[in-house]
Structures are given as structure tokens and as C-alpha cells.
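# Architecture at a glance
Next come the chains, spelled out residue by residue.
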Number of protein chains: 2
Amino acid sequence: MTIPTSYLNHTDAEAARKARATYRDGLVAPTSGIAPGFTQANMIVLPRDWAFDFLLYAQRNPKPCPVLDVSDPGSPTTLLAPGADLRTDLPLYRIWRDGKLAEETADATSAWAERDDLVAFLIGCSFTFETPMVEAGIEIRHMTDKSNVPMYLTNRPCRPAGRLKGNMVVSMRPIPASRVADAATISGRFPAVHGAPVHVGAPEQIGISDLSKPDFGDAVRIEPGEVPVFWACGVTPQAAVMASGVPFAITHAPGHMFITDIPDTAYHA
Amino acid sequence: MTIPTSYLNHTDAEAARKARATYRDGLVAPTSGIAPGFTQANMIVLPRDWAFDFLLYAQRNPKPCPVLDVSDPGSPTTLLAPGADLRTDLPLYRIWRDGKLAEETADATSAWAERDDLVAFLIGCSFTFETPMVEAGIEIRHMTDKSNVPMYLTNRPCRPAGRLKGNMVVSMRPIPASRVADAATISGRFPAVHGAPVHVGAPEQIGISDLSKPDFGDAVRIEPGEVPVFWACGVTPQAAVMASGVPFAITHAPGHMFITDIPDTAYHA
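This report concerns the structure included in the present document.

Rules used in this analysis
- Residues numbered from 1 in each chain as written.
- Chains lettered and ligands numbered in written order.
- Predicted model: local features only at pLDDT ≥ 70, side-chain atom pairs only at ≥ 80, totals over all residues.
- Heavy atoms only, no water.
- Helix = DSSP H or I, 4+ residues; strand = E, 2+ residues; numbered from the N terminus.
- Rg over C-alpha atoms; globule rule 2.2 N^0.38 Å.
- Buried < 20%, exposed > 50% of the residue type's maximum accessible area, 1.4 Å probe, protein only.
- Least-squares fit on C-alpha atoms with pLDDT ≥ 70 in both.
- Contact = heavy atoms within 4.5 Å.
- Core = buried A, V, L, I, M, F, W, Y, C linked by side-chain atoms within 4.5 Å.
- Salt bridge = Lys/Arg side-chain N within 4 Å of Asp/Glu carboxyl O.
- Pairing = 2+ DSSP bridges.
- Phe/Tyr/Trp six-rings, centres within 6.5 Å; stacked < 30°, edge-to-face > 60°.
- Arc of directions from axis to C-beta.
- Axes fitted to C-alpha atoms, helices over the stretch in contact; angles between N-to-C directions.

### Structural notes on the overall build of chain A
Per the secondary structure count, chain A includes seven helices and eleven strands. What you see for chain A is a C-alpha radius of gyration of 17 Å, in line with the 18 Å of a compact globule of 269 residues. Dimensions of chain A, computed from C-alpha atoms along their principal axes, come out at roughly 50 × 40 × 30 Å. Per-residue burial over chain A gives 59% buried out of 269 residues.

### Section: the relation of the copies chain B and chain A
Here chain B sits on chain A after a turn of 180° about the axis and a move of 0.0 Å along it, with an RMSD of 0.0 Å. Between the two chains, the operation in question is that of a two-fold axis. Ranked by how close their C-alpha atoms come to the rotation axis, the residues of chain B are headed by Phe52(B), at 2.3 Å.

### Brief notes about the side chain of Arg94(A)
On the secondary structure map, Arg94(A) appears in strand β3 (residues 93-97). Discounting residues that sit within four places of it in the chain, Arg94(A) has contacts with Leu101(A), Glu103(A), Glu104(A), Phe216(A), Gln238(A), Ala249(A), Ile250(A), Thr251(A), His252(A), Ala253(A) and Pro254(A).

### Here we look at the nonpolar core
If you look at the biggest cluster of nonpolar residues, it comprises 69 residues, and the most contacted ones within it are Phe52(A), Phe54(A), Phe121(A), Phe52(B), Phe54(B) and Phe121(B). Setting aside chain neighbours within four positions, we find Phe121(A) in contact with Asn42(A), Met43(A), Ile44(A), Leu46(A), Ala51(A), Phe54(A), Leu55(A), Asp69(A), Val70(A) and Phe52(B). By size, the runner-up hydrophobic cluster in this structure holds 38 residues, among which are Ile3(B), Val45(B), Ile140(B) and Ala183(B).

### Considerations on the pattern of salt bridges
Tallied over the full model, the rule gives 40 salt bridges over all chains. Among the salt bridges present, the one from Arg17(A) reaches Asp12(A), with a minimum N-O distance of 3.4 Å. Here Arg17(A) falls in the partly exposed class, since its relative accessible area comes to 40%. Note that Asp89(A) and Arg24(A) form a salt bridge whose closest N and O atoms lie 2.7 Å from each other. Separated by 65 residues along the polypeptide, Asp89(A) in the loop between β2 (67-70) and β3 and Arg24(A) in helix α1 (residues 14-24) bring together distant segments of the chain. In this structure Asp89(A) comes out as buried when scored by relative accessible area, which is 0%. Residue class for Arg24(A) comes out partly exposed when judged on its relative accessible area of 44%. Taken together, the shared-partner salt bridges in this structure form one network comprising Arg48(A), Asp49(B), Asp53(B) and Arg163(B).

### Quick notes on the pairing of strand β9 (residues 226-232) of chain A
Note on strand geometry: in a regular strand, side chains alternate between the two faces of the sheet. Residue and element names in this part refer to chain A. Most of β9 is tucked away, with six of its seven residues classed as buried. In the sheet, strand β7 (residues 167-176) pairs with β9 via seven bridges, with the strands oriented antiparallel. Within β9, the position partnered with Met172 by the bridge is Phe230. The sheet contact formed by strand β8 (residues 199-200) and β9 spans two bridges and is antiparallel. The residue bridging His199 from the neighbouring strand is Phe230, located in β9.

### A short note on the packing of aromatic side chains
Residue and element names in this part refer to chain A. Under the definition given, this model contains eight aromatic pairs over all chains. Ring centres 6.5 Å apart and planes at 35° place the aromatic pair Phe54 and Tyr57 in the tilted group. You can see Phe54 and its partner Tyr57 sitting in helix α2 (residues 48-60), three residues apart, about one turn around the helix. For Phe54, a relative accessible area of 1% translates into the label buried.

### Remarks on the environment of Ala21(B)
Residues and elements named next belong to chain B. If you trace the backbone, Ala21 turns up in helix α1 (residues 14-24). Overall, the relative accessible area of 26% leaves Ala21 in the partly exposed class. Sequence separation of Ala21 and Pro91 is 70 residues, and the distance between their C-alpha atoms is 9.7 Å.

### Examining helix α6 (residues 180-188) of chain B
Turn by turn, an α-helix covers 3.6 residues, leaving residues three or four places apart pointing in a common direction. All names here are of chain B. Where α6 is concerned, the buried positions are Val180, Ala183, Ile186 and Ser187. Along the axis of α6, the buried positions cluster into a sector of 130°, meaning they face one direction only. Tucked into the core, α6 has its buried residues touching α4 (130-135), β7 (167-176), β8 (199-200) and β9 (226-232).

### Concerning the sheet that holds β9(A)
Whenever strands of a sheet pair, they do so through backbone hydrogen bonds, lying parallel or antiparallel. Residues and elements named next belong to chain A. Spatial ordering of the open sheet is given by β6-β7-β9-β8, a layout of four strands whose pairing is antiparallel. Both outer strands of the open sheet, β6 (151-157) and β8, are each paired with one neighbouring strand and no more. Helix α6 (residues 180-188) contacts β7, β8 and β9 of the sheet and is inclined by roughly 15° relative to β9. Here helix α7 (residues 236-244) sits on the sheet in contact with β6 and β7, set at roughly 145° to β7.

### Remarks on the sheet that holds β8(B)
Residues and elements named next belong to chain B. On the basis of which strands lie adjacent, the open sheet formed by four strands has the order β6-β7-β9-β8 and antiparallel pairing. Of all strands in the sheet, those bounded by a partner on one side alone are β6 (151-157) and β8. Direction of pairing for β6 relative to β7: antiparallel, over a ladder of four bridges. The partner of Met151 across the bridge, within β7, is Ser171. Along the sheet, α6 contacts β7, β8 and β9; its crossing angle with β9, the most-contacted strand, is approximately 15°. Sheet strands in contact with helix α7 (residues 236-244) are β6 and β7, and its direction is about 145° off that of β7.

Next up, the structure:
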């Protein structure tokens, strides 16, 4: 995916900038439905020594890990949002040490200062295609209920790369049976932000035994006639951090994304 | 792009295997039109120390550098053609030292043995969409004339990554004015192998002063009523090797590609 910087010259990204400012000022909240129409991104930040392994992991697993931008080593900035600071402009961060969650924090500045060679990867997020789904009359349950999207660690291994391995994480949205095909079609138009679902119905086949107990985020209501639809999720890198014992990483907290200045339409295939 | 290995189970790739065997036995010839229907790939092989820079260069410049597969360090094999040996199965190689072309050879085995950590990148090739263009009645001039495709170093800089920089290389096909839109549409369906043209007509605007003097490959006839159409080209990594003074690299020779076992249709968007 080429960086769609040309869009920056033709879009007033005030809503995105304002949202980032509230997170910089300390607000902690999931970002689904915030600054609608602006692309949201997962983040994983790794020492330069691990950056090749991760970029290769993403190349080999593009469905859960579609790379939107990669920072230069040591730089907490991105072309996707000029002026933004990746250390402060997400609502909530996770700091990982030796593959274990060490801390959640609303400000990653001090963690980022521990190393001078950190590389930030921004990964597409399925929140991006929720706007066109809502516009098509498909209810997004976690938006209706103002909760975080439910996410599950599956039993599906990603293709390993160097020292990195792990299973795919998926997000789930309950969709009325009559709209599942529409949801697949609409999301399929956005391959850079996970694209079409990886699984529809039959959660037990991908190792999910209880939909009411997500591994990340919040459980949501599933009404009669609705089918659980699963999309590859940008929390997959965090599963790899855990499964691979990565010595140091900073990530977003699940559902608490980086909001870019790029309109969703830039990623429409 | 996910590795479309599922196609391997349903395709008899005998034509691809036979072509690779002729190159392994010493045949030196351009690969355009060979084993039609099988995806061809550019190759660049770099020491592990340069692999992140290159993978990032490819991520930042996906139009000229669409990555189809990356080998594990030290391994001359690829999932795209089980049993193939990347050291011998291309018709012609180039060995680069300190950014300069040191040697052309039909067998890269001894060069490959100089390092134990080489990483091979296979990059999509526009030969892949020539088959559907021919099927649509669009003449491919270098196929008609049994020559190599003409390629030009443009004045368009790629987005740098780490120590890598360089301008984009393009391939050129003369297309009748009435079929330019068709050529753009058909090639646009194959984003993993360079996709739609980057430039149509007006070669001087991208720094090409004389179409009869390509930087790589052979000049081709341009008949009255034909327009030169330019596609991003997988020789772009070789331009980066030169512009960046890369200490050691092995590449394919322009036009002399690696033929995979993957059918072209696997890369149809």
C-alpha cells in the first residue's frame, strides 16, 4: 500500500487532530466511532533488532498485519498524521517486557525513551470499514452499546518469521444473517485494513469456545438471527509478542487506536 | 499479498518446472512469454544486515517492489516453487559489489556461498499480466519481436528506507491508442505484479530523453498511433543497489526472471 499522502493536501483532518489532542491530554477510551471517516491504526513499536523479523511477519501474514506506515528508527512520527506524536497521541498503551504485559499507560514517553532505536509500525484497523458498514445500514453492536469490540485469540497459526510466531487474533461483529454477504463485500473493498472476514459462524472451528469471554475487549450481545463474523485483527502482533517472548515492545491497548489524518476512502481498493 | 500456496495443490506446474530445468542446465534467454500462465518474479538477494532496509524500501515503494516471497536467511528456496533452487534456476544473474555490477553469470552458486545469511526477495514482474493482455488482443511488441522488454531509469525518486535510495525503473510497452485504457484496466487487476501503469505517453516528463536507448533490455519498434506506456519495474531494486552503494547483492539479470509454480490467476485482485 503506497502511503496516500496526497489525500492530506485535500482533507481537513480537524476531527482527527482534535481526537488525538484529547488523548494527549489524558482521555482514555476506545476509539471505535471516533472521528468517523478517518483511518485508525494499530501500533507496535520494537527495537531495530526486531524490526526485520516483524516486517517479514507482516509481509507473510498480511491479512492480520497490513502495514500502513513504518517510522524511521528513533522517530515517533508518521507520514499518516503530520504533527502527531506516537508517544502520547493514542488513548492507551501497553508496555511489554520479555513477552509479558508489564504496564498499561496513557503516556508512552518514558518507555519510548528507554531505547534510541525504536521502530513504530502502524497496522490497518477494521474500525476503518465500520463507517461504510453503518452507512449501508449494518448495525455495529459495540458502537450501539458503546463498548470495545470483542477480540479472540484463535487456534490459527500465523506463518512464522525469524524469531516471531503466534496465532491470529480476530475481531467479532454479530451481523444479521441477511446482511453477512453485504458485510463481507463492503469490508472486502478495504484490503489494507484487514479486508473481508476470515471466518463466518462456527467459532469452535477456530478455537473459540465461548463468545461471551473475549481475550481482549468486551463481550457483546448476539441477537437471534445474527451470525458471529470474524475479521483478522491488528492485535495479532501482541499475540506474537507474547508467544515469542519479545524482550521489549510498546503497543496500543486493544481497541484504543491511533487516529490518522488519512480518510478511509484512501484505502478503498 | 498472502502466499497463494493453495494454488500449488491444484495446478500442474510442469511447464514452469521444465523452464527452470533448462535454465539450470545453462540456457540463457529472456523469460517473457515462457511458461505462459505462470507468475514470474524479479529477485534481489542481500545479506541479513541489509534485509530490513530492503523490506522497508519495498513496503514504502510497493508499486515497483511488490514482495511475493522472502526466504529465510541462508535458504535459497521459496514457497512459490517447491523444489526450485534460486541459485541456479534463473537464466542469468548479476553479482553486485559496492554498488557496481561485478559479473553476469548463469549460475549464482559460488556467489551465494560467499555469505551464510543471504535473504532472497522475490518481487512481482509485469510479464505476469502480459498473458491476459495478449488474450485481450493487445500485442506485446517485445514478444512479437522476440526481444527483451525495454526498461528505463526514471527521474522519479523512490521513498528512501534506511541506507537505501534510488529512482524508479519502468518497463515500456507501445500500445495502440485505442487499447491504452484496456491495457491499464487489465494490468490494474494485478496489483501484486506492478498493477496499472505509472505513466502514459510524455516520456520526457519522467526523465526519459530517448526511447531508443533503454537503460536495460532492448529497444522496440513504436508504430504510428502507438503510445509508450510505462509500468513500474522490478529492476528498481538494482537501481537502489547502484545508487546506495550496497556492498553485496545478487539479482536476476533484467528480463531474465524466476518462473514460479503459481498461476497468474492467483494474483488477480
